Amino acid sequence: MTDLGKAAPRPWARDALRWDTAVGALLVVLLVCSFAFVDNFGNALNLSFLIGNTLPIALIALPMTLLVVSGEIDLSVGSTAGLAGAVMGRLWNAGMAIEVIIPLCVLLGVVCGLVNGLLVTRLGLPSLAVTIGTLAAYRGIAQIVLGSDSVTDFPQQYLDFGSGRIGGSFVPQAAVPWAVLLAVAVLVLHATPVGRSLFAVGASQEAARFAGVRVKRLKLSMFVATGTVSALTGVFWALHYASARYDNATGLELSVIAAVLLGGIDFDGGRGTLGGAVAGVFLLGALQNVMSLVNVSAQSQTLITGVLLVVSVLAPRVARQVARARHRTAAAPPPPVPAAT
Amino acid sequence: MTMTAKPAPAPAPSGAAPGGGLLDRVLKVRELAIAVVLVLMLLATQLDNSAFLSEQGIKDLLLNATILVLVGVGQATVVITRNVDLSVGSTLGVTAFAAGEFLRGGGNPLLAVLIAVALGAGFGVVNGLLVSLGQVPALVVTLGTLYIIRGLDSIWFGSRQITAADLPAGFVSFGRDGLGALPYLAVLTAVVLAAAAYYLRNYRSGRDMYALGSSPEAARLAGVPVRRRILAAYVLCGALAGLAGALYLARFGNVDSGTGSGYELTVVSAVVVGGVAFTGGSGSLYGAALGALLLTSINSVLPSIGVSSVWVQAIDGTLLLLAIAVDRVVALRVAAVLRKRAAQTRSAHHD
């Protein structure tokens, strides 16, 4: 963080170094180019596919951003989503009303988040280890609950919600609740004391605690939020693809984390914006969509995702180093700049 | 019982050099606890199903564990330096394919294994350079290389498949046969494990890895070449993943572009269950190997006592959670006791 301060000699350089604006600009460039040059990209059906397929990642990325800003991580999101979908399928098979099932699934997400959060905050365990454990455990429970069945006969109106569009436009119906959640998350992170506390905890947990932030409670609530949204995502996933299986959303955690990282959220905590995260999510989503349209194989898409991810973390650091080196040569006999130790 | 026979011969050579190391090792509660759990579990299964620990049964247990043990040993080395390598599953897949492709062209099996190891070490160099020179968080870098290596794998591979029929008969039988109940693969794995553990325990550069895992800053100030050690840990991890890839090919004879995907999380679980802490600087390779053995044994035990295989994953996950929770509680207790003792001596001095 002190590096960043030193590396900001002029305002334009500081703006250029803001990763989230860069990702946002990249997204805009990609969209403009795709509209102009890629056949079938701009039609409503394709755009709705793009958004619909990206929504699960976009949903979970919201609480994940808050959680990562506070310095923790949750790898169990994909399994929580899978578990919610499996329970939904099982209860539906048992003849329960869907209006009862969905709240129950969301409640299950709360419990999943609580388990993660309590293990991390009460026992002081590293969240990476805990959530790798619950990643396996929740997925395992999903397998116990539903076995190898797949449930597809959900009520039509709900399936329509999962895959339908608003009128004749390209916006999926499910994008509306997402937009509401996005607004809530932006408000919380960037406009409330809670958000400031999250940044403070991520930057220095000890300092935040001495400043009166209730660190444990804050982190616990972030884990619960992540679990809840993951369960919602699981419900959406089952409706969107019209299939509840125990292995729904497998590996989703890595996609979410890749997107959030690409959006410039620092995994050491304390830095990042929701705008960056959303830009990262849709940059990856749009890129995948475009690559499929221009017949880039799925394998190459994986490769490009990986390269983007590495570049996205390497580039800001290299840029910072370069800026610092230039700064140093500009002020040849260094005034009392504390030597970089 | 017979299970402990595999790790047991290993401490003898490494323990002999510094003298009294064997007792030390036995007193290491963590590894002992896993070994006890493992033995109890196997005995209970044996009581329930007397065919479980037959010669073939033991052989299967060992064979199942070898690949996870190898990758786990490499991973543990990286985790000890307070880093992580998520790309091991992809590395395993691509090296298995490379070895298979070479063998299909009529290559020498030994050379095929070396190619796999070299390729894995190459990926390790990439990871290590990115982490140590780029100073980028290991989680992010190796998540990226997970995708990159998997992508390269599938582009090169396409939808092709390698089956046992493409491989020399000697190579396949090396993967399946053994001396009685002791498979060749397990012997090879035990040798690698003992060598790596000896290195990490007795060589200066090995101890450096613990030092920089405990406190990177302190290690740097003490003159440890941090970057070079991190690079070395990643190269070891990549090379072992490569070796595991070659052994995977020998064992299963069947490789496609999905081979090894998702393996990274299993490996990390095994390492953590084995008592190697994510915070770096603690744990041992024997612990990691025992963790891997425990995880793969559970997968064999459950079906043989009639538990449906759908329970396996849930139990794996719960076990991992239990392992880290128990570790933490014990650590807190010990810290509390030490604090109390320190307070007592201080007040004694005061009086």
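Starting afresh in each chain, residues are numbered from 1 along the sequence in its written order. Following the order in which they are written, the chains are lettered starting with A and the ligands numbered starting with 1. Totals for whole chains, interfaces and linings use all residues, but because this is a predicted model, local features are given only for residues with pLDDT of at least 70 and pairs of side-chain atoms are given and counted only at 80 or more. Only hydrogens and water are set aside; all other atoms, that is, all heavy atoms of the structure, feed into the side-chain values.

Going by the annotation in an unreviewed UniProt entry, the name recorded for chain B is Autoinducer 2 import system permease protein LsrC, with Actinacidiphila cocklensis given as the source organism. UniProt positions are given in the numbering used here, feature names are shortened, and annotations may be inferred rather than shown by experiment. In its Subcellular location (unreviewed entry) section, UniProt records this for chain B: "Cell membrane".

Per an unreviewed UniProt entry, chain A carries the name Autoinducer 2 import system permease protein LsrD and comes from Actinacidiphila cocklensis. Quoted verbatim from the Subcellular location (unreviewed entry) field of UniProt, the annotation for chain A is "Cell membrane".

## Section: the nonpolar core
Judged by nonpolar contacts, the single largest core of 183 residues is most densely connected at Trp178 of chain A together with Leu143 and Phe278 of chain B. Start and end points for every domain follow an automatic or database-based domain assignment. Lining this core are residues from two domains, each supplying at least three of them: domain 1 (54-285) and domain 2 (313-351) of chain B. Apart from residues lying up to four places away in sequence, Trp178 of chain A is in contact with Leu55, Ala58, Leu59, Leu62, Val278 and Phe282 of chain A. Joining through side-chain atoms within 4.5 Å is the link that ties buried Ala, Val, Leu, Ile, Met, Phe, Trp, Tyr and Cys residues into a set, and such a set is a nonpolar core. When accessible area is computed with a 1.4 Å probe and restricted to protein chains, residues below 20% of their type maximum are described as buried, those above 50% as exposed, and intermediate ones as partly exposed. Here, two residues are considered to be in contact whenever any of their heavy atoms come within 4.5 Å of each other.

## So, the UniProt feature "transmembrane region" (unreviewed entry) in chain A
Per the UniProt record, "transmembrane region" (unreviewed entry) is found at residues 21-38, 44-68, 75-94, 100-120, 127-146, 178-199, 220-243 and 274-294 of chain A. Here residues 75-94 of chain A runs as 85% helix and 0% strand, with 30 Å between its end C-alpha atoms. Helix and strand definitions here come from DSSP, where helices need a minimum of 4 consecutive H or I residues and strands a minimum of 2 consecutive E residues; each element is numbered from the N-terminal end.

## Thoughts on the domain arrangement of chain B
Often, the extent of an interface is quoted as the loss of accessible area on bringing the components together. All names here are of chain B. Structurally, chain B comprises domain 1 (54-285) and domain 2 (313-351). One C-alpha centre belongs to domain 1, the other to domain 2; they are set 32 Å apart. Counting from both sides, the interface comprises four residues of domain 1 and, opposite them, five residues of domain 2. Buried area is calculated as the accessible area (1.4 Å probe) missing from two parts once they are joined, with the contributions of both summed. Between domain 1 and domain 2, a total of about 320 Å² is buried, with carbon and sulfur atoms accounting for 81% of that surface. Polar contact is the term for a pair of N or O atoms within 3.5 Å; when the atoms are in protein, one must be able to donate a hydrogen and the other to accept it, and sequence-neighboring residues count only if both atoms are side-chain atoms. Run the count over domain 1 and domain 2 and you get zero residue pairs in polar contact (both at pLDDT 80 or more).

## Details of the interface of chain A and chain B
Taken together, the contacts link 39 residues of chain A with 36 residues of chain B. Buried surface at the junction of chain A and chain B, both sides included, amounts to about 3300 Å², of which 82% is carbon and sulfur. Here a salt bridge means any side-chain nitrogen of Lys or Arg lying within 4 Å of a carboxyl oxygen belonging to Asp or Glu. Inspection of the region where chain A meets chain B yields zero salt bridges. Every element with two or more residues in the side of chain A that touches chain B is listed here: helix H6 (98-123), helix H7 (127-146), helix H13 (252-262) and helix H15 (298-330) of chain A. Top element by residues in the side of chain A that touches chain B is H7 of chain A. It accounts for 14 residues. For the side of chain A that touches chain B, a count of residues per class yields 25 nonpolar, 12 polar and two charged. Under this grouping Gly is polar, as are all residues other than the nonpolar Ala, Val, Leu, Ile, Met, Phe, Trp, Tyr, Cys and Pro and the charged Asp, Glu, Lys and Arg.

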